[in-house]
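Each chain is listed here by its residues.
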Amino acid sequence: PASADGFVTAQGAKLMLDGKEYRALGVNVPHLSQGYLGTWFHWQQIYGTREKMRQAIVAAIEDAERSKVAFIRFFASPGYPKDTAELYLKDAAEYWRQMDELFALCKQHNVKLIPSLGVLGKWNMDCGELRTAVLDPQSKTHEATYRYVREFVTRYKDDPTVMLWELDNECFLTADVDMKDRQALPKGVYPEGATNVREKFAREDSFTFDMLVGFYKEMTAFIKGLDPNHLVTSGDSGAREESMSRRETFPNFKYRDDTVREHLSNLLESQPEPLDVFSIHFAGNFTSTGKVGKLPPLDFLRAYVRAIHAARA
């Protein structure tokens, strides 16, 4: 049953809550906080008014309690540069006051939260820097990223409403993907008058497998240094089905499907300690055959879970 009390912990390959094994069903509402705060980029086309958007978020939380939904996972960064400028950069105190309201509302309705902190896909846009700038301690992106994580994590480190901290959404899908000359985000997601808009990405916007593993280790250790109470997960969907060939041939990619052993090895390596919890996203149906070992989807997922449990994670 849903419960916002108590901290979720790890014991071997099990999650625990209040001394018992914890298995929970939750939902994904990416715009939960931005909808509640009124800053979501798509508010007009989806809801019509900001008031209706907030009402919809409140109704969703109330429905989660009625339906015994245990947690909501959401994108917890301030959003696109345009969204960020609307409240967080204008009035940070008000931003956090409303976030406190949202957390209190979820606690009231016995719903835990998985905030996805946006540690890789967010602040370089606001700072007008390359995506890999987050790896450089001297960059504006690095400073902004770590500042926001510090603000968020220290604010809620003692709050059991947080089920897990999540680093970002599916960032390992960018591993060894050459970004050179790929289309960047459109001007519309930036505030008026922004001068740091790029039409195309550069190769230096690309993350290699090793870059991501190193950053995951560093950021997870940073979060755990601020908060001893909560587990940390990546938010990844898993390694790409051609992950080994990408590692071997970047940036001059030559496609080859992973073997099962290669793929499981890369999966385990992509989620380094001190990350506590593996994250797998599975989209689609169970009727097709996968590329890795030509496994049916359910056998593919079983292989994932067995490998993760064998690693005692």
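Residues take numbers from 1 onward in each chain, read along the sequence in its written order. Owing to the predicted nature of the model, reporting of local features is limited to residues with pLDDT of at least 70; listing and counting of side-chain atom pairs is limited to 80 or more, with chain, interface and lining totals taken over all residues. The side-chain values count all of the structure's non-hydrogen atoms but skip hydrogen atoms and water molecules.

1. A look at the packing of helix 3 (residues 50-66) against helix 5 (residues 92-108)
Axes here refer to lines fitted to C-alpha atoms; in helices the fit is confined to the stretch in contact. Angles between the N-to-C directions go from 0 to 180 degrees. Here a helix means four or more residues in a row that DSSP labels H or I, a strand means two or more in a row labelled E, and each is numbered from the N terminus. It is at 9 Å that the axes of helix 3 and helix 5 come closest, and there the two elements cross at 25°. The angle between the axes of helix 3 and helix 5 places the two elements in the roughly parallel class. Taking contact as the criterion, the partners of R54, I57, V58, I61 and E65 in helix 3 are, on helix 5, Q98, E101, L102, L105, C106 and Q108. Each residue is assigned to one class: nonpolar for Ala, Val, Leu, Ile, Met, Phe, Trp, Tyr, Cys and Pro, charged for Asp, Glu, Lys and Arg, and polar for all the others, Gly among them. Of the residues contributing to the contact of helix 3 with helix 5, the split by class is 6 nonpolar, 2 polar and 3 charged. We call two directions roughly parallel when the angle between them is under 35 degrees, roughly antiparallel when it is over 145, roughly perpendicular when it lies between 65 and 115, and oblique otherwise. Every residue pair with non-hydrogen atoms within 4.5 Å of one another is taken to be in contact.

2. Focus on the pairing of strand 6 (residues 112-116)
Counting buried positions along strand 6 yields 5 of 5 residues, so the element is predominantly enclosed. Note on classification: 1.4 Å probe, protein chains only; a residue is buried when its accessible area is under 20% of the maximum for its type, exposed when over 50%, partly exposed between these limits. Here strand 6 shows a buried face lined by K112, I114 and S116 and a second buried face lined by L113 and P115. Note on pairing: two strands pair once DSSP finds at least 2 bridges between them. Where strand 5 (residues 71-75) meets strand 6, 5 bridges bridge the pair, whose relative direction is parallel. Across the sheet, residue I72 finds its bridge partner in strand 6, namely L113.

3. Observations concerning the pattern of salt bridges
Opposite charge on two side chains allows them to pair when their charged atoms are near. A side-chain nitrogen of Lys or Arg and a carboxyl oxygen of Asp or Glu constitute a salt bridge if their distance falls within 4 Å. Applying the stated criterion to the full structure yields 23 salt bridges. Ionic pairing is found between R97 and E101, a salt bridge with its closest N-O pair at 2.8 Å. Taken as a pair, R97 and E101 lie in helix 5 at a separation of 4 residues, close to a single helical turn. According to the relative accessible area criterion, R97 is partly exposed, its value standing at 40%. Accessibility expressed as a relative area gives 28% for E101, which makes it partly exposed.

4. Looking at the nonpolar core
L32, L120, F152, W165, M219 and I223 are the most contacted members of the largest nonpolar core, which has 52 residues in total. Counting only elements with at least two residues in this core, the list comes to helix 1 (32-37), helix 3, strand 5, helix 5, helix 6 (123-127), helix 7 (140-156) and helix 8 (209-226). Residues in contact with F152, not counting those within four places in the same chain, are A76, W96, M99, F103, P115, L117 and W165. In this text, buried Ala, Val, Leu, Ile, Met, Phe, Trp, Tyr and Cys residues form a nonpolar core when linked through side-chain atoms within 4.5 Å. Of all hydrophobic cores here, the second largest spans 10 residues; its members include V8, A70, F71 and V277.

5. Side note on the packing of helix 5 against helix 7
As a packed pair, helix 5 and helix 7 sit with axes 12 Å apart at the nearest point and diverge in direction by 40°. By the angle between their directions, the pair helix 5 and helix 7 is classed as oblique. Seen from above, helix 5 lies across helix 7 with right-handed handedness. Residue-level inspection shows Y95, W96, R97, M99, D100 and F103 of helix 5 in contact with helix 7, the latter providing Y148, E151, F152, R155 and Y156. Here the residues of the contact of helix 5 with helix 7 sort into 7 nonpolar, no polar and 4 charged. Two helices cross in a left-handed way if the nearer one is turned anticlockwise from the farther one by less than a right angle. They cross in a right-handed way if the turn is clockwise.

6. A look at helix 11 (residues 297-310)
End to end, helix 11 covers 20 Å across 14 residues, agreeing with the expected 20 Å (1.5 Å per residue, within 8%). As for helix 11, its buried residues are in contact with helix 10 (260-270). Positive phi shows up at R312, right after helix 11, with a value of about 60°. By definition here, a helix of n residues has an expected span of 1.5 Å times n minus one.

Nothing here speaks to function; it is all geometry.
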